[in-house]
Amino acid sequence: MEKPSLFLFFPLLLFSILSGRQQCVRGWTGNSHRPTTGRSVSVFKPNKLFVFGDSYADTGNDNKSLVNSWSVPYGITFPGKPSGRFSDGRVSTDFIAKYLNIKTPVPYRWRKLFINRLKYGMNFAYGGTGVFNTLIAEPNMTIQIDYLQQLLNESVYTKRKLRSSMALVSLAGNDYSTYTEKNGSPEGWQSFIQSVVDQLAVNMKRIHNMGVRKVAVNTLQPLGCLPRSTSQNSFRQCNTTENNLVDFHNVYLQQAIEKLNTEVNSTDNRFITLDLHSAFWTVFNNETVHQGESTFENPYEPCCFGISSQYSCGSVDGNGVKKYTLCADRKSRFFWDAVHPTQEGWYAIFSTPAMQKSLEQF
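Residues numbered from 1 in each chain as written. Predicted model: local features only at pLDDT ≥ 70, side-chain atom pairs only at ≥ 80, totals over all residues. Heavy atoms only, no water.

A. Expanded view of the confidence of the model for the chain. Mean pLDDT over the chain: 88, with 86% of residues reaching 70 or higher. Ignoring residues within four places in sequence, the model shows residues 1-41, a span with pLDDT below 50, making 88 contacts including any to other chains. (pLDDT = per-residue confidence, 0-100. Contact = heavy atoms within 4.5 Å.)

In structure tokens form, the structure reads like this:
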């Protein structure tokens, strides 16, 4: 659970750092429109997808003994049983692969069992990880990129083949959760956010230098609106101070992306932001994103949640008795558990004008 005391420094810091720049984040929601003709016309059409990051993108890499994503009821919608995805069904990687008209890339953990899927790329994302080491004993993003480098060294992929690929880099806030859990000081937030984004930029540049044509990274979603935070007030109100952290991160990220694109000096942007932040807010504000279908009645309330703070979705006691509650209609909920969207939630996210506009950059 987040510790609000560490965020009390945010409002003053927000004013001093972002005065006059807030529009850089909030303005991304604005006047974009959902395409009606599918994918935009582009010379570059990726045929492989490489994925790095965390649970918003992981499709089965995490060790089964470390996480609940391999437990019932995860995967109940797709593929019908737990598959390591942190949702009832598909996650961001699946939706982006579908947009690219390729099959979901195989998780790195299972690469030797699905050799015929290697032609679609590979997923190196591990749930619970960050750019730095976190509370989960799984590979951080630098090590994940090392795995791709090793595959290049082994000629599983070549730099030439990587030129027809793109990468998805997912960062959903685990570095910040770890900073909080380790009692990081309020005064240290500014420099820590900068270090996270700086390392993220280093990682993206490294992926691009390996030969990957385009690298996409998500803006950080409103952490203060995740059920793990809104549960403190019956899933009705976001934590504003946590969301201030998100604004810092996204401003720094936007600056880093602009700098990376300047450095490569290309006619088209090689580094792309997926506006997850604005997409979440569109859903939270109950704006229509389902082409006329109903919106989520309470987007902050999850479908699957532990019966107390010591339990989470998928928890059972020593006798195998469930210690979580499960909603009757998964399609009626945006969030699946304390952190992750449902498959229907991800569908809503990718249906927003902000995300559709982001996808056009592919």
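So much for the structure itself; the text now carries on.
B. Molecular detail of the packing of helix α10 (residues 276-284) against helix α11 (residues 343-351). Between α10 and α11, whose axes approach to 9 Å, the crossing angle comes to 110°. As summarised for this structure, α10 and α11 are arranged roughly perpendicular, according to the angle between their axes. Crossing of α10 over α11 shows right-handed handedness. Note on element contacts: α11 touches α10 through Trp346, Ala348 and Ile349, opposite Leu276, Ala279, Phe280 and Val283. Its residues assigned to classes, the contact of α10 with α11 shows 7 nonpolar, no polar and no charged. (Axes fitted to C-alpha atoms, helices over the stretch in contact; angles between N-to-C directions. Helix = DSSP H or I, 4+ residues; strand = E, 2+ residues; numbered from the N terminus. Parallel < 35°, antiparallel > 145°, perpendicular 65-115°, else oblique. Left-handed = near helix turned anticlockwise from the far one by under 90°. Nonpolar A, V, L, I, M, F, W, Y, C, P; charged D, E, K, R; others polar.)

C. Representation of the pattern of salt bridges in the model. Applying the stated criterion across every chain, the model contains 5 salt bridges. Here lysine 205 and glutamate 263 are joined by a salt bridge, their closest N and O atoms 3.4 Å apart. Taken together, the positions of lysine 205 in helix α7 (residues 189-209) and glutamate 263 in helix α9 (residues 240-264) put the pair 58 residues apart, joining distant regions of the chain. Overall, the relative accessible area of 37% leaves lysine 205 in the partly exposed class. The residue aspartate 317 makes a salt bridge to lysine 323 at a minimum N-O spacing of 3.9 Å. (Salt bridge = Lys/Arg side-chain N within 4 Å of Asp/Glu carboxyl O. Buried < 20%, exposed > 50% of the residue type's maximum accessible area, 1.4 Å probe, protein only.)

D. A positive patch on the surface, seen in detail. Taken together, the side chains of Lys159, Arg160, Lys161 and Arg163 define a basic patch exposed on the protein surface. By the element assignment, arginine 163 lies in the loop between α5 (159-162) and β4 (165-169). (Patch = residues over 30% accessible without salt bridge, like charges linked within 9 Å, V, L, I, M, F, W, Y side chains within 5 Å. Areas by Shrake-Rupley, 256 points an atom, 1.4 Å probe, with all protein chains shown as cover. Lys, Arg positive; Asp, Glu negative; His and termini not counted. Charge placed at Lys NZ, Arg CZ, Asp CG, Glu CD.)

E. Expanded view of the sheet that holds strand β3 (residues 121-123). Strand order in the open sheet formed by 6 strands is β2-β3-β1-β4-β5-β6, and the pairing between neighbours is parallel. Strands with a single pairing partner mark the edges of an open sheet, and in this sheet they are β2 (106-107) and β6 (271-274). Its contacts with the sheet place helix α3 (residues 92-99) against β1 (48-52), β3, β4 and β6, and it is angled at close to 160° to β1. (Pairing = 2+ DSSP bridges.)

F. Region of interest: α3. Across the 8 residues that make up α3, a large majority, 7, are buried. For α3, the set of buried residues is Ser92, Thr93, Asp94, Phe95, Ile96, Ala97 and Tyr99. Elements that come into contact with the buried residues of α3 comprise β1, β3, β4, β6, α11 and α12 (353-359). One or two positions beyond α3, positive phi appears at asparagine 101, with a value near 60°.

G. Structural view of the environment of phenylalanine 296. With respect to the helices, strands and loops of the structure, phenylalanine 296 is situated in the loop between α10 and β7 (304-306). The buried category is assigned to phenylalanine 296, whose relative accessible area is 4%.

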